[in-house]
Structure formats: C-alpha cells, structure tokens
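One letter stands for each residue in the lines below.
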Amino acid sequence: MHPPIPYLDHNATTPCDAAVVEAMAPYWSEHFANPSQRGHRPGLAAAVAVDQGRQTMADVLGVTPSQVIFTSGATEANNLAIKGLSEQRLGHGRHLVTVVTEHASVLEPCRYLERLGFQLTVLPVQPDGRLELAALAGALRPDTVLVSVMAANNEIGVLQDVEAIGNLCRQRQIAYHCDAAQACGHVPLDLEGWGIDLMSLSGHKFYGPKGVGALVVRKGLALAPQVHGGGQEGGYRSGSLSPPLIVGLAKALELALQDQQERAQHLRALREKLWQGLNGLNLPPGVELVRNGCSTHSLPHTLNVTVRGVDGGRLHSQLRRRVALSSGSSCSSATGKPSHVLQSLGRSSAEAAASLRFGLGRGTTWADIEQAWEAVQEALLLSACG
Ligand SMILES: *Cc1c(COP(=O)(O)O)cnc(C)c1O
C-alpha cells in the first residue's frame, strides 16, 4: 500500500459525501423499482423518491420542478442544451456564439453544428481569462440563436460575468446557455435574476455521485430532444431514471449550498496560503511562477500556476508520487494535448504543459497545502539539476 497523498484535484471530481452515499443507499436493492411504473407500490415509491429529488433541486435553485431535466452529467446537459436549442430554432437563425475557454463538451457540440451548416463565433478572452462584454455584444447578430458561456472555468477557476451576459442576451432575445458544472454549489448563482435560459450542472463536481447531472431550462423554452425513446423527462431525455443517483444529486446540492459560503471562505484562505508558500520557494535560476487567470473573479478553491523555465513532463512526473493534481482539464489530459485554455491566455504549449492546477476541497487541510508546496520545491530542485 502506498501512503495517501494530498488530493488537490477537486476540479476534476470531488469525493461523494458520506451523507450523500447514505441517502442513496436504500435505492439500489431495496427500493429498486422503475420510477416510470407508478401503477404498483414499489414503482410508486421509486417515483416519489425521484419527485422529491426534483423538488429539492428546484427549491435550492429557485425554479419549478418541471424545469429540471435529469441527465447523466454536464456533458450530456451541454449537448442537449446546445444541439436541442439550435435544432429547435432552425427557422430563426443559424449563428452560435461561444468562448475559446469553454469545456470540450460545449466546444465540440458547437463545432459539430458548424459542420452541419451553422455559423460559429468562438470569442477570445482577455489575458486574465475573462470575456469582454463588448466583444460579446459585437458578435451578436440578428440570426444569433444561442450564446454559451460558462460560469466558472474548470482549469483556471475564472468566473465570467454571468449576470451581464444573461442580461445582454435577454435584451436581444437570444437564448443564453451557461455551463455551471464548476460553479454550481461553489459560488452564488441566480438563474431567474441573471437571465440564464439553460444551465448545466453535474453531481460529481459538488460532492455528489458521478453519472448524474441536470439541465435546468427556463419555463416556456422548447428544445429538440436529443435522446429519443420512452419519453421520460417530458420527452426531452428518454431513458429509465436512476432513483439513487437522483436522490444523491439532490442531497449533494442541498449540502453544498448549506456550507457554500463558509467553505468558500476557508478554501480561499488556504489557496492564498498555498500561493504565498509557492512564492516563498527557492527557485532555480531562470525559473519563474506565473499565476494564471484573474485572481479576484475566481473560484475560491482553484489555483493555476505556470512554472516557467522547466520541462512540464519532468515536473509532473516528479510531482505525481507526492500530490494528486492536474496539469489542466481531465479531458485535455485524456487526449494528451496541452491545455487550450492556458494557450488562449497567451501561454506557449510548453508553458501550458508546465502548469499546475491545484483544486482544493472540503477535506483539504493545512498539512495538505504544506505538503503540496514542499513537493513542488523538491520537484523543482530535481528538475533543475537534471
Ligand atoms: C466536469 C465538467 C463538465 C463535464 O461534466 P460531466 O458531468 O463529467 O460530464 C463540463 N463542463 C465543465 C466546466 C466541467 O468542469
């Protein structure tokens, strides 16, 4: 057995909270019936669990239950939002607007639609990772049907001005989709007040189970279904619902919102200590630390740092045994490509590869933070002497 190492990759996924696991437990083998079968007692019990989960989600998000469409996660929610809205609005226009720092599950559906004949504008960001509102306003056209801009970036933690974006889209009567997978449960969000028409979220990013999420849809907004079948979820997303996952999703969101403010304060303080600690390291000649993304409009628990002047591959292989962190998104790690997000901030591909994303979470301790910067110190000394 290897000794445990600090887990600082909470932007990739969070551990499922013990209370969430407990809430899910009865729905695997005991109350296992299909919630579509309301005609018999066990089916009704499962349906009631799903109804309650939906009600909880609606209550904590400030919407009505019929606005919540359960999906397998944020990837599916993003696909449903982007493809479903675009297909539904075919008669109104074929222009879509998104941003270069979006998650692959937003960019790829947009590019897919572009191949089908839609026109796509992918806006750049400023060097701090934020979208300039004037650039967005300038990109909107009479035939624009959808704007998709995330709330919080998964690699650098930068928050976009969702309220301003939502208001701008509302004025122009353009649908606004917000990928809130990183933001939901971590920073305040106001769907109705900010003019968000479609919002994606994912359970495993806020201490819930993997494999479940939701798309929240403004009342009266129609989408073309993307998964056809038995007509579950109001016809928008067919397939048998999973009572344990839905119960877990709702419980996790409820809990995440309960300690959101306190957790944010605590983790922001720990994150700043980490940044201070890194700045106090003994850096080899020619090595420099650069913080990526806006540090004020950011997720409290995320820190992304480029270690200029070292080889990224060597740096990460040194760190791997000491601390669990990431070089960027889990998706770009899967393809082995340097982060498109960091490159859009002006980092070279070598700099992007030599970047460290620290994602703190509920269980992160002061000792984890110390261990993390000590591990970076050691890795830098080893990388420097070859
Ligand atoms: C994790 C993540 C996704 C994908 O969510 P899944 O539920 O894992 O499919 C999408 N967008 C962002 C910003 C994310 O962080």
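Here the structure is shown first, and the text comes after it.
The structure contained in this document is the topic of the report that follows. Because the structure is predicted, anything quoted here is derived from the model rather than measured.

Turning our attention to the overall build of the protein. Along the backbone of the protein there are 14 helices and 10 strands. Over its C-alpha atoms, taken along the principal directions, the protein stretches across nearly 70 × 55 × 35 Å. Classification of the 386 residues of the protein by burial places 55% in the buried group. A sequence separation of at least 24 residues applies to 73% of the contacts in the protein between residues at least 6 apart. Accessible surface, the protein as shown: approximately 16200 Å² in total, 52% of it carbon and sulfur. Each charge sign in the protein was given a centre, from 32 positive and 33 negative side chains, and these centres are 4 Å apart.

As a further point, take helix α9 (residues 260-279). The terminal C-alpha atoms of α9 lie 28 Å apart, and with 20 residues this matches the ideal 28 Å at 1.5 Å per residue to within 8%. Looking at α9, one finds that the buried residues are Gln260, Arg263, Ala264, Leu267, Leu270, Arg271, Leu274, Trp275, Gly277 and Leu278. One face of α9 carries all of its buried residues, which in axial projection span an arc of 155 degrees. In α9, those exposed residues whose orientation departs by more than 90 degrees from the buried face are Gln261, Glu262, Gln265 and Gln276.

In this section: the site of the ligand. Lining the immediate environment of the ligand, one finds 14 residues, of which Thr75, Asp179, Gln182, Ser202 and Lys205 sit closest. Contact distances for the ligand include 2.6 Å between an oxygen atom and a side-chain N or O atom of threonine 75. For the ligand, an oxygen atom lies 2.6 Å from a polar atom in the side chain of serine 202. Notes on the ligand: free accessible area 390 Å², of which the protein chains cover 87%. In terms of residues, the shell around the ligand owes the most to one element, helix α4 (residues 74-88), which gives three residues. The class makeup of the residues in the shell around the ligand is three nonpolar, nine polar and two charged.

Reading the values: rules and limits
Counting from 1, residues in each chain are numbered in the order their sequence is written. In keeping with the model being predicted, local features are shown solely for residues with a pLDDT of at least 70 and side-chain atom pairs are shown and tallied solely at 80 or more, while totals for entire chains, interfaces and linings include all residues. Computation of side-chain values covers all heavy atoms of the structure but excludes hydrogens and water. Numbering goes from the N terminus for both helices and strands, where a helix is a DSSP run of H or I of at least four residues and a strand is a run of E of at least two. Burial here depends on accessible area, computed with a 1.4 Å probe over protein chains only, as a share of the maximum for the residue type. Under 20% is buried, over 50% is exposed, and the range in between is partly exposed. Every residue pair with non-hydrogen atoms within 4.5 Å of one another is taken to be in contact. Here, Shrake-Rupley sampling with a 1.4 Å probe gives the accessible areas, and only protein chains in the shown set may cover a residue. Counted as positive: Lys and Arg. Counted as negative: Asp and Glu. His and the chain ends are not counted at all. Charged side chains are reduced to one point each, which is NZ for Lys, CZ for Arg, CG for Asp and CD for Glu. To estimate the expected span of a helix, count its residues, drop one, and scale the result by 1.5 Å. The directions from the helix axis to the C-beta atoms form the arc being described. Put simply, a residue is near a molecule or strand once any heavy atom of it comes within 4 Å of that molecule or strand. In the analysis that follows, any N or O atom pair within 3.5 Å is treated as a polar contact, provided that within protein one partner can donate a hydrogen and the other can accept it, and provided that, for residues neighboring in sequence, both atoms belong to side chains. Amino acids are sorted into nonpolar (Ala, Val, Leu, Ile, Met, Phe, Trp, Tyr, Cys and Pro), charged (Asp, Glu, Lys and Arg) and polar (every other residue, Gly among them).

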